[in-house]
2 protein chains.
Amino acid sequence: MIGVVAKLKIQDGKQAEFEQAGKDLMAKVKANEPGCLTYQLYKEKGSDTDYIFMEQYASQDDLKAHGQTDYFKAAGPKLGACLAGAPNVQYFDIVE
Amino acid sequence: MIGVVAKLKIQDGKQAEFEQAGKDLMAKVKANEPGCLTYQLYKEKGSDTDYIFMEQYASQDDLKAHGQTDYFKAAGPKLGACLAGAPNVQYFDIVE
């Protein structure tokens, strides 16, 4: 299993636009990717502009497939237009 | 829903001891906490000493209850003995 934590800082005022794009993306992932076990947008407590996508995939291939979907590629510019800086994406291997 | 990402840097050489304590804790959480929806230890890709616990709770009360369990309190010194520095724990509110 592969874990991903993608940290995203958003421009103040763009929260609603960003959250809607995130919710649209989550719905598509949930509907289409059985190998994506968790794909959840969260907002950091105490912050107005810091978010993460918390993600778990059954395998490296499932993570790769996620990145190649049309809807993920289409979401990039929508989410990117709301960012205040470069995303910080970290990848993890399960300990079990 | 509440998300938690707890980042832990481990002393080199203590990985096996740390992972065993983490696995013991995960088993107890899974067996006893229906309100804890995710409780998974991960090791950062490309790092020998960086780990996270990726956690999701149904509610703030479930998170609070987790911290009050005897086994969580007992795990603290075992995990802590392996750390190379202070843990960095971030808390998140779900976007849905």
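Throughout what follows, the structure given in this document is the object of discussion. (Residues numbered from 1 in each chain as written. Chains lettered and ligands numbered in written order. Predicted model: local features only at pLDDT ≥ 70, side-chain atom pairs only at ≥ 80, totals over all residues. Heavy atoms only, no water.)

**Let's talk about the packing of helix α1 (residues 15–32) of chain A against helix α3 (residues 70–80) of chain A**
All names here are of chain A. Under the convention used in this document: As a rule, the C-alpha atoms of each element are fitted with a line to give its axis, helices using only the stretch in contact, and angles between N-to-C directions run from 0 to 180 degrees. We count a stretch as a helix when DSSP gives it H or I for four or more residues in a row; a strand needs E for two or more, and each element gets its number in order from the N terminus. Note on terminology: angles under 35 degrees are roughly parallel, angles over 145 are roughly antiparallel, angles of 65 to 115 are roughly perpendicular, and the others are oblique. By the convention used here, residues are in contact when the closest approach between their heavy atoms is within 4.5 Å. Under this grouping Gly is polar, as are all residues other than the nonpolar Ala, Val, Leu, Ile, Met, Phe, Trp, Tyr, Cys and Pro and the charged Asp, Glu, Lys and Arg.
Here α1 crosses α3 at 170°, and the two axes come no closer than 10 Å. In terms of their interaxial angle, α1 and α3 are classed as roughly antiparallel. Residues F18, A21, G22, L25, K28, V29 and N32 of α1 lie in contact with α3, whose contacting residues are Y71, F72, A75, K78 and L79. Split into classes, the residues belonging to the contact of α1 with α3 amount to eight nonpolar, two polar and two charged.

**Some remarks on the interface of chain B and chain A**
Threshold: Buried area is a sum: the accessible area each of two parts loses on coming together, probed at 1.4 Å, counted once for each and added. By salt bridge we mean one thing: a side-chain nitrogen of Lys or Arg within 4 Å of a carboxyl oxygen of Asp or Glu. We call two N or O atoms a polar contact when they sit within 3.5 Å, provided that within protein one can donate a hydrogen and the other can accept it, with sequence-adjacent residues counted only if both atoms are side-chain atoms. By definition, two strands form a pair when at least two bridges between them are found by DSSP.
Taken together, the contacts link 29 residues of chain B with 29 residues of chain A. Taking both sides of the interface into account, the surface hidden between chain B and chain A amounts to around 2,500 Å²; carbon and sulfur atoms contribute 60%. Interface area lost by chain B to chain A is led by Y42, K45 and V95 of chain B, which between them contribute 29%. Remark: the boundary between chain B and chain A carries two salt bridges. Across the salt bridge formed by D93 of chain B and K45 of chain A, the nearest N and O atoms sit 2.7 Å from each other. Linking chain B with chain A are 18 residue pairs in polar contact (both at pLDDT 80 or more). Its residues placed into classes, the side of chain B that touches chain A shows 14 nonpolar, six polar and nine charged. Pairing of strand β2 (residues 36–44) of chain A with strand β4 (residues 88–94) of chain B, which is carried by three bridges, proceeds in the antiparallel orientation. Opposite K43 of chain A, over in β4 of chain B, you have D93 of chain B as the bridge partner.

**Examining the relation of the copies chain B and chain A**
Note the cut-off: We place the copies in one frame by least squares, fitting the C-alpha atoms of every residue whose pLDDT is at least 70 in both.
Superposing chain B onto chain A takes a rotation of 180° plus a shift of 0.0 Å along the axis, which leaves an RMSD of 0.0 Å. Put plainly, the chains are arranged around a two-fold axis. Counting the interface residues of chain B, we find that 100% of their copies in chain A are interface residues as well, pointing to one common contact surface.

**Thoughts on the environment of E33 of chain B**
Residues and elements named next belong to chain B. To keep things clear, this is the line we draw: Only protein chains enter the accessibility calculation, which uses a 1.4 Å probe; a residue whose area is less than 20% of its type maximum is buried, one above 50% is exposed, and one in between is partly exposed.
Looking at the element boundaries, E33 is found in the loop between α1 (15–32) and β2 (36–44). On the basis of relative accessibility, which here comes to 9%, the residue E33 falls in the buried class. A sequence separation of 17 residues divides E33 from A16, and the C-alpha atoms of the two residues are 25 Å apart. Discounting chain neighbours no more than four positions away, the residues touching E33 are Y57, H66, T69 and Y71. At 2.5 Å, the side chain of E33 and the side chain of Y71 are in polar contact.

**Remarks on the sheet that holds β2 of chain A**
Pairing is antiparallel in the closed barrel, where eight strands are placed in the order β1(A)-β3(A)-β2(A)-β4(B)-β1(B)-β3(B)-β2(B)-β4(A). Adjacent strand axes in the sheet meet at a mean angle of 30° when their direction is disregarded. Summarising the sheet, strand β1 (residues 2–9) of chain B and strand β3 (residues 50–57) of chain B pair through eight bridges and their orientation is antiparallel. Considered in β3 of chain B, the bridge of L8 of chain B is made with Y51 of chain B. Strands in contact with α1 of chain B are β1, β2 and β3 of chain B; relative to β2 of chain B, the strand with the most contacts, it is inclined by about 170°.

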